[in-house]
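# Observations on the model geometry
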Protein chains: 2
Amino acid sequence: MTDAAATALLQELTRIVGAAHIRSGADFPARHLQDAAQLPPETPLALVRPGTTAEVAAVMALCHDRAVHVVVQGGLTGLAGGAHPLDGEVALSLERMNAVEDVDVIGRSMTVQAGATLQSVQEAAAAAGLHYPVDLGSRGSCTIGGTVATNAGGVQVLRYGMTRRQVLGMEAVLPDGRVLSGLNRLTKNNTGYDWKEILIGSEGTLAAITRVVLALQPRPSAVQTVLCACGSTDAAFTLQRRLEQGFPGGLLTFEGMWRDYLDITRPALSGPPPFTDLPPLALLIEIGEAGNERPGDALLELLAQAMEDGLLSDAVVAQSLSDRGRLWEWREANAEFGRLQPKGLHYDVSVPRPAMDEAIRRWQASIDAHQPGGRMAIYGHLGDGNLHLAIFPPGDTPIDPALTDPVYHTVAALGGSISAEHGIGTRRRDALAYSRNDGERAFMGDLKKFFDPRGILGAGRIL
Amino acid sequence: MTDAAATALLQELTRIVGAAHIRSGADFPARHLQDAAQLPPETPLALVRPGTTAEVAAVMALCHDRAVHVVVQGGLTGLAGGAHPLDGEVALSLERMNAVEDVDVIGRSMTVQAGATLQSVQEAAAAAGLHYPVDLGSRGSCTIGGTVATNAGGVQVLRYGMTRRQVLGMEAVLPDGRVLSGLNRLTKNNTGYDWKEILIGSEGTLAAITRVVLALQPRPSAVQTVLCACGSTDAAFTLQRRLEQGFPGGLLTFEGMWRDYLDITRPALSGPPPFTDLPPLALLIEIGEAGNERPGDALLELLAQAMEDGLLSDAVVAQSLSDRGRLWEWREANAEFGRLQPKGLHYDVSVPRPAMDEAIRRWQASIDAHQPGGRMAIYGHLGDGNLHLAIFPPGDTPIDPALTDPVYHTVAALGGSISAEHGIGTRRRDALAYSRNDGERAFMGDLKKFFDPRGILGAGRIL
């Protein structure tokens with residue numbers, strides 16, 4: 001683009017959103033230059049912050065007409081580089097469209113603009129006596145639009161599913177500026193193609209999601225939190241089955257933390273760790289119990305039996321909200337990796353449960369080969385097969401990025417996925433073939449061309 | 001098509017599937033001429049019954065090449081005319097592709113060919129100690145492929161969601177014969193566009209689904225069934241809230257039957273009805289209770305409280321499996337409408353819960369205006385807002401089909417949907433605009449052209 005064309009475009013964008021809501025050149029705000037993937041900043045053309053769907057549509061139509069690339073930004077908490085603006089791109093931030101527009105208590109739904117934070121949605125649901133069940137560590141800054149665009153998971157997928165399952169309706173702006181509006185609030189609505197479903201998880205590359213209708217849930221009563229010391233994945237899965245049988249629909253969370261994770265993150269704990277001897281595998285479990293029973297009795301009985309049967313060597317049950325916070329602290333200490341072990345490689349994979357131990361053995365063998373003395377911190381959503389994996393080099397050695405190939409090769413060979421919940425973005429684009437075959441990738445390319453024939457939206461992400 | 005062209009096509013189709021698996025002309029089997037919508041039979045060109053995905057692909061590619069229309073058939077239990085073959089169409093039945101190929105007990109998934117019946121899937125899950133939670137009256141004949149293509153609902157949507165939620169992976173044949181294969185078994189797999197999601201609920205108009213991977217659930221232990229006599233929808237919704245709070249994740253079924261439904265179907269019961277005085281609204285409720293508690297106690301307490309509070313006037317709790325069958329009999333007596341009241345108009349609508357009473361008042365007013373003396377039988381999935389509605393003329397009067405417009409007008413005006421779970425097919429095609437706006441319908445047309453540029457698959461359905 002010539003300087004004159006860029007200047008003209010900036011003028012037109014300014015007419016659409018107003019001078020207060022556009023920044024370019026040296027004024028481009030630093031916090032919009034990178035998402036949580038922390039890739040080196042590039043030089044995007046401008047940041048525009050539309051306040052209405054009509055403004056989003058006008059920005060898109062203009063950029064489509066001029067063949068200018070656009071990247072949609074939410075809370076910039078993504079780990080795949082999807083919202084990281086590239087050279088020459090217009091960054092379209094939805095942060096001004098952050099209103100919770102309506103909470104329908106009887107119909108149990110909420111209509112919300114895409115830029116609202118996850119936490120504001122959770123709080124608005126709670127204020128109405130209801131529950132929005134997607135929960136992530138970045139709840140305070142990630143936006144609902146971002147969680148829908150990336151089909152975010154989190155710590156209660158086992159019970160409530162991923163973000164896809166919460167979305168009843170959607171409004172979105174197509175790359176050419178057309179607005180698609182289907183703000184359905186009904187649980188059941190089988191009337192033609194459910195177009196919103198293909199936008200969920202498309203990481204902002206097919207349309208800009210501007211509004212969603214979310215299903216809300218009854219609030220789980222009497223949540224019990226327990227941290228267990230466990231000897232093996234087999235024992236953990238046996239315990240999970242017992243919990244599912246004992247509390248049908250009650251198991252909210254079943255997180256795992258392997259020993260090296262516990263060891264590496266221990267310095268980040270605010271107090272003494274709940275276990276003095278680190279177990280091979282710690283389990284963080286939450287159960288939403290029936291409100292009419294004395295809470296906890298059935299759970300304590302089940303845990304006692306599990307210890308008698310050798311599935312667990314210890315179990316700490318939270319007796320208070322502050323106890324609960326203390327038990328979660330270890331699980332959320334992964335947020336401190338950047339400080340504790342800044343040089344790591346990080347992965348977000350699904351592995352079929354029967355193959356999990358084999359995957360861990362093969363990853364360790366790859367580390368031994370490429371990065372002798374390297375350590376592997378494994379943690380995450382054990383109950384649904386989604387492991388987060390961090391590999392750290394020993395001492396001052398630099399990390400060997402060539403480790404990624406054997407790690408992903410193992411995942412693919414065992415029937416897993418190279419991205420369980422974080423998405424592909426720019427960072428895992430080269431690895432997509434590990435999880436999707438040629439026919440699927442070709443068809444994804446066709447879909448992309450159908451939605452965005454000029455290729456202006458989220459170019460260079462996913463495909 | 002000329003006779004010579006038709007003859008040549010039949011020869012080529014015969015080469016693909018073998019002479020034993022093709023029928024045409026007078027040999028076209030009567031049971032493949034109509035689905036449950038019972039529209040007047042037309043004269044399709046041929047019935048082909050491929051046995052493999054490769055054969056499905058070859059049939060599709062051939063028909064695509066010759067611009068011959070194709071309709072996919074499963075169990076022919078659909079109520080929207082989607083599988084009803086039209087003049088000149090090739091009916092592609094998947095009934096030979098009916099194998100349950102694999103049950104993964106630890107990963108809790110099943111890989112199954114599209115032509116397997118729902119019942120065979122339920123039974124294979126049960127044989128593995130697991131549960132496939134979609135359940136419909138036509139379970140013995142409807143196919144898994146049909147339930148996925150129509151995103152079938154059923155009586156446990158409240159707890160487990162519609163069919164969409166059960167589908168982990170899919171193999172499908174596009175109209176030009178390309179095979180898309182994504183037989184994912186993982187709960188979490190965020191790797192690019194989830195193309196299967198747009199095929200779910202597309203009623204066989206975008207691709208022929210040939211295989212699916214289904215998620216299986218733990219078997220609910222100690223299911224309690226109870227039939228309640230209730231005074232109003234308000235009372236019913238209050239009870240539903242209490243059940244959801246008292247049994248988090250435990251409410252499986254919350255069905256409603258209004259008084260005229262009970263009265264009209266009473267003659268179909270095999271024994272005396274559970275209530276002598278018909279209540280304004282009967283509720284059929286199922287709860288999956290925690291296995292470690294004495295089943296039923298908490299439920300009985302909750303019901304006793306509901307009676308004390310005036311929400312219910314009576315409640316019959318099943319004490320045995322045969323009791324359970326007797327309680328379900330009234331709910332499933334709608335299958336006898338054809339015998340009891342053959343002349344009715346039938347609808348499948350979603351209505352927002354706060355608007356339900358108003359919808360019923362308006363429907364009655366429309367009946368009073370168009371069909372004085374007509375009766376309205378309302379029943380269905382009260383807990384998720386999906387009502388089935390049958391309108392019967394008085395005595396020998398013919399039914400007035402002009403009633404459909406005001407019925408749908410009321411649904412749309414109150415924010416409902418003209419098809420909750422049965423789909424659009426050919427029968428509700430003219431009514432799609434009641435539930436989808438111009439922009440959505442235009443975009444659906446674009447999607448259809450993208451998948452099927454020659455318009456050979458399921459032509460005349462949905463759009």
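Residues numbered from 1 in each chain as written. Chains lettered and ligands numbered in written order. Predicted model: local features only at pLDDT ≥ 70, side-chain atom pairs only at ≥ 80, totals over all residues. Heavy atoms only, no water.

### Digging into the packing of aromatic side chains
Applying the stated criterion to the full structure yields 19 aromatic pairs over all chains. For the pair A:Phe337 and A:Tyr379, a centre-to-centre distance of 5.7 Å together with 70 degrees between the ring planes defines the contact as edge-to-face. One end of the pair, A:Phe337, is in helix 11 (residues 337-340); the other, A:Tyr379, is in strand 17 (residues 375-381), with 42 residues separating them in the sequence. With respect to class, A:Phe337 is no different from A:Tyr379; both count as buried. Three or more aromatic residues link up through ring pairs in this structure, and these residues are A:Phe443, A:Phe450, A:Phe451, B:Phe443, B:Phe450 and B:Phe451. (Phe/Tyr/Trp six-rings, centres within 6.5 Å; stacked < 30°, edge-to-face > 60°. Helix = DSSP H or I, 4+ residues; strand = E, 2+ residues; numbered from the N terminus. Buried < 20%, exposed > 50% of the residue type's maximum accessible area, 1.4 Å probe, protein only.)

### Focus: empty space enclosed by the protein
Taken as a whole and assessed by the stated rule, the structure comprises four cavities of 30 Å³ or more. The calculated volume of the largest cavity comes to roughly 60 Å³. As for the largest cavity, its lining consists of A:Asn151, A:Arg164, A:Ile200, A:Gly201, B:Asn189, B:Asn190, B:Thr191, B:Gly192, B:Tyr193 and B:Asp194. Among the residues forming the lining of the largest cavity, the class breakdown is two nonpolar, six polar and two charged. Within this model, the second largest cavity holds a volume of roughly 50 Å³. Taken together, A:Leu269, A:Gly271, A:Pro272, A:Pro274, A:Arg326, A:Glu329 and A:Trp330 make up the lining of the second largest cavity. Taken together, the residues of the lining of the second largest cavity break down into four nonpolar, one polar and two charged. (1 Å grid on protein atoms, 1.4 Å probe; cavity = no way out; pocket = protein on both sides within 12 Å on 5 of 7 lines; lining within 4 Å. Points joined across faces, edges and corners; volume = space filled by probe spheres on them. Nonpolar A, V, L, I, M, F, W, Y, C, P; charged D, E, K, R; others polar.)

### Topic: the packing of helix 14 (residues 438-451) of chain A against helix 14 (residues 438-451) of chain B
Pairs of packed helices are described in terms of their axes, by the angle between the two and the distance that separates them. The geometry of helix 14 of chain A relative to helix 14 of chain B is characterised by a closest axis approach of 11 Å and an angle of 140 degrees between their N-to-C directions. Crossing of helix 14 of chain A against helix 14 of chain B: the hand is right-handed. Contacts between helix 14 of chain A and helix 14 of chain B pair A:Phe443, A:Asp446, A:Leu447, A:Phe450 and A:Phe451 from the former with B:Phe443, B:Asp446, B:Leu447, B:Phe450 and B:Phe451 from the latter. Grouping the amino acids of the contact of helix 14 of chain A with helix 14 of chain B by side-chain chemistry returns eight nonpolar, no polar and two charged. (Axes fitted to C-alpha atoms, helices over the stretch in contact; angles between N-to-C directions. Left-handed = near helix turned anticlockwise from the far one by under 90°. Contact = heavy atoms within 4.5 Å.)

### Looking at the nonpolar core
With 173 residues, the main nonpolar core has A:Leu283, A:Trp363, B:Leu283 and B:Trp363 as its most contacted residues. Those residues in contact with B:Trp363 that lie beyond four places of it in its chain are B:Val349, B:Val351, B:Met376, B:Ile378, B:Leu387, B:Leu389, B:Val407, B:Thr410 and B:Val411. (Core = buried A, V, L, I, M, F, W, Y, C linked by side-chain atoms within 4.5 Å.)

### Here's the deal with the pattern of salt bridges
A full pass over the atoms with the stated rule returns 66 salt bridges over all chains. With its nearest N and O atoms 2.4 Å apart, the salt bridge here joins A:Arg108 to B:Glu244. A residue pair is termed interchain when its members come from two chains, as with A:Arg108 in the loop between strand 5 (100-104) and strand 6 (109-113) and B:Glu244 in helix 7 (residues 233-246). Judged by relative accessible area, which is 14%, A:Arg108 ranks as buried. One salt-bridge network, held together by shared partners, links A:Arg164, A:Asp194, A:Lys196, A:Glu197, B:Arg164, B:Asp194, B:Lys196 and B:Glu197. (Salt bridge = Lys/Arg side-chain N within 4 Å of Asp/Glu carboxyl O.)

### Observations regarding the state of the cysteines
This model, assessed by the stated rule, comprises zero disulfides over all chains. Here B:Cys228 stays free of any disulfide, with the sulfur of B:Cys230 as its closest cysteine sulfur at 7.8 Å. (Disulfide = S-S within 2.5 Å.)

### So, the pairing of strand 13 (residues 251-258) of chain B
Residue and element names in this part refer to chain B. With eight of its eight residues buried, strand 13 lies for the most part within the structure. Here strand 13 pairs with strand 17 (residues 375-381) via two bridges, running antiparallel. Among the inter-strand pairings, glycine 256 is bridged to a residue of strand 17, identified as glycine 380. (Pairing = 2+ DSSP bridges.)

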